[in-house]
Amino acid sequence: MIFNLFINLCVLITFISIAHFYFRDKDVRQNKSVLIKIINGVCSGSLGILLMVFSMHITPTVLIDFRVIPIILSSLYGGLLPTIIASLITGNFRILYFGISRGSVFAVIVILLMAIGCTVINLIKTQRKNKLVYNIIFAIILNSIKMIILINNPKLLAEGLIVYCFGLLFVSYFMFKFTEYLSESVKLHKRLENQATVDFLTGLNNVREFNTSLNNIEQQAIRKGESISMIYLDIDYFKKINDVYGHIAGDIVLKKLADILTNTCRSFDIISRNGGEEFSVILLDCSSIYAFTIAERLRKKVEGNQFNISNEVSIHITISIGVATYPDTTDNVNKLTNYADIALYEAKRNGRNKVVVYNNNKVMPKFQLEQFL
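Quantities reported herein were computed from a predicted structural model and do not represent experimental measurements.

Counted according to the given criterion, the structure contains zero disulfides. Looking at the unpaired Cys43, the closest cysteine sulfur is the one in Cys118, lying at 18 Å. This cysteine, Cys286, is not joined by any disulfide, and Cys265 carries the nearest cysteine sulfur, 9.6 Å off. According to the relative accessible area criterion, Cys286 is buried, its value standing at 1%.

Right, let's get into the layout of surface pockets. Space inside the second largest pocket adds up to approximately 170 Å³. The class makeup of the residues in the lining of the second largest pocket is seven nonpolar, one polar and two charged.

The subject of this paragraph is empty space enclosed by the protein. Inspection of the entire model under this criterion finds two cavities of 30 Å³ or more. Considering only enclosed or pocket space, the largest cavity measures out at about 90 Å³ in volume. Forming the boundary of the largest cavity are Leu63, Ile64, Asp65, Arg67, Val68, Ala107, Val110, Ile111, Asn143, Lys146, Met147 and Tyr164. Taken together, the elements giving at least two residues each to the lining of the largest cavity come down to strand 2 (63-64), helix 5 (102-122) and helix 6 (128-150). A per-class count over the lining of the largest cavity returns eight nonpolar, one polar and three charged.

So, on to the environment of Tyr326. With respect to the helices, strands and loops of the structure, Tyr326 is situated in strand 8 (residues 319-326). Tyr326 gets classed as buried once you look at its relative accessible area, which sits at 15%. Placed 20 residues apart in sequence, Tyr326 and Gln306 show a C-alpha to C-alpha distance of 34 Å. When neighbours within four sequence positions are excluded, Tyr326 is seen to be in contact with Ile222, Glu226, Ser227, Ile228, Asp331, Asn332, Val333 and Leu336.

What counts and how
Residues numbered from 1 in each chain as written. Predicted model: local features only at pLDDT ≥ 70, side-chain atom pairs only at ≥ 80, totals over all residues. Heavy atoms only, no water. Disulfide = S-S within 2.5 Å. Buried < 20%, exposed > 50% of the residue type's maximum accessible area, 1.4 Å probe, protein only. 1 Å grid on protein atoms, 1.4 Å probe; cavity = no way out; pocket = protein on both sides within 12 Å on 5 of 7 lines; lining within 4 Å. Points joined across faces, edges and corners; volume = space filled by probe spheres on them. Nonpolar A, V, L, I, M, F, W, Y, C, P; charged D, E, K, R; others polar. Helix = DSSP H or I, 4+ residues; strand = E, 2+ residues; numbered from the N terminus. Contact = heavy atoms within 4.5 Å.

This is the structure:
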């Protein structure tokens, strides 16, 4: 009997581990997809079937296993639809595999009542671990009543109740902790993955993600013959802001600038913070004319914006911008970043608060651009 309980535990661990591997990128608790919920229910029902295959026979018609755990888990992590599907699969298998008998009828009734009970308990506004406790108590009550009705031998009844109750408590607690551990590990993995590609202060792409994206886009542009424009921009006299108002004020300015970039550029453009007060925008399928238009719009919007760094203090800032476009202003897509950077520093050298366009080893300030175009 104990050996079969151990097999049930191993089946649970294996099944949940496999499910976690395939669904680790989808939060089944928050996912509203009907397909995901159906898959959840089918998987839970299949797990219930496996557990019944390794059932322990108390009498020829009375079996003990942990088929209620998949129903409980599907309720806690999936909701109503997966719970109904899991209970229907489990109940039908109980009759088809073991045949119709008094024990089978009671088993199906218990399964259906568990589905209803789990659904009702899941509606209670409390912590998930409390819902688990309520579900386990409900399962113990239902199965205890079933065994009391079906088992006439007092010794077998006592043995079955003890093994089932303590076994269910132990396995449920272990599986809940194991499932929560897997969920937390997924959250931690996603957090670390996000930190590896996102700038912690602004929420924009960091320089690592910028390099990855640029490399992919460059290759795509060469294959498809599309234009790529690069905007490189820098906050003018940013060091003075930190010196006069402090680094917290500087961080406020950087975050506000990131918001302006996000709201001004197109939704599919790739905006990054490349370090310090330097930002970049990769403009996909964008000609030099349109890139200049976007850059000038950014410059004016920043210049006219009021940056509130405290309740009492607000400041104005300006930015310098360098622009390079493949193939309009350079035929070397691999040096697009370098050319945009050269144009940026030319803008700063010529008085700041300017847009400068790089063109075949030359840089052109705003007032010369019309002649170029």
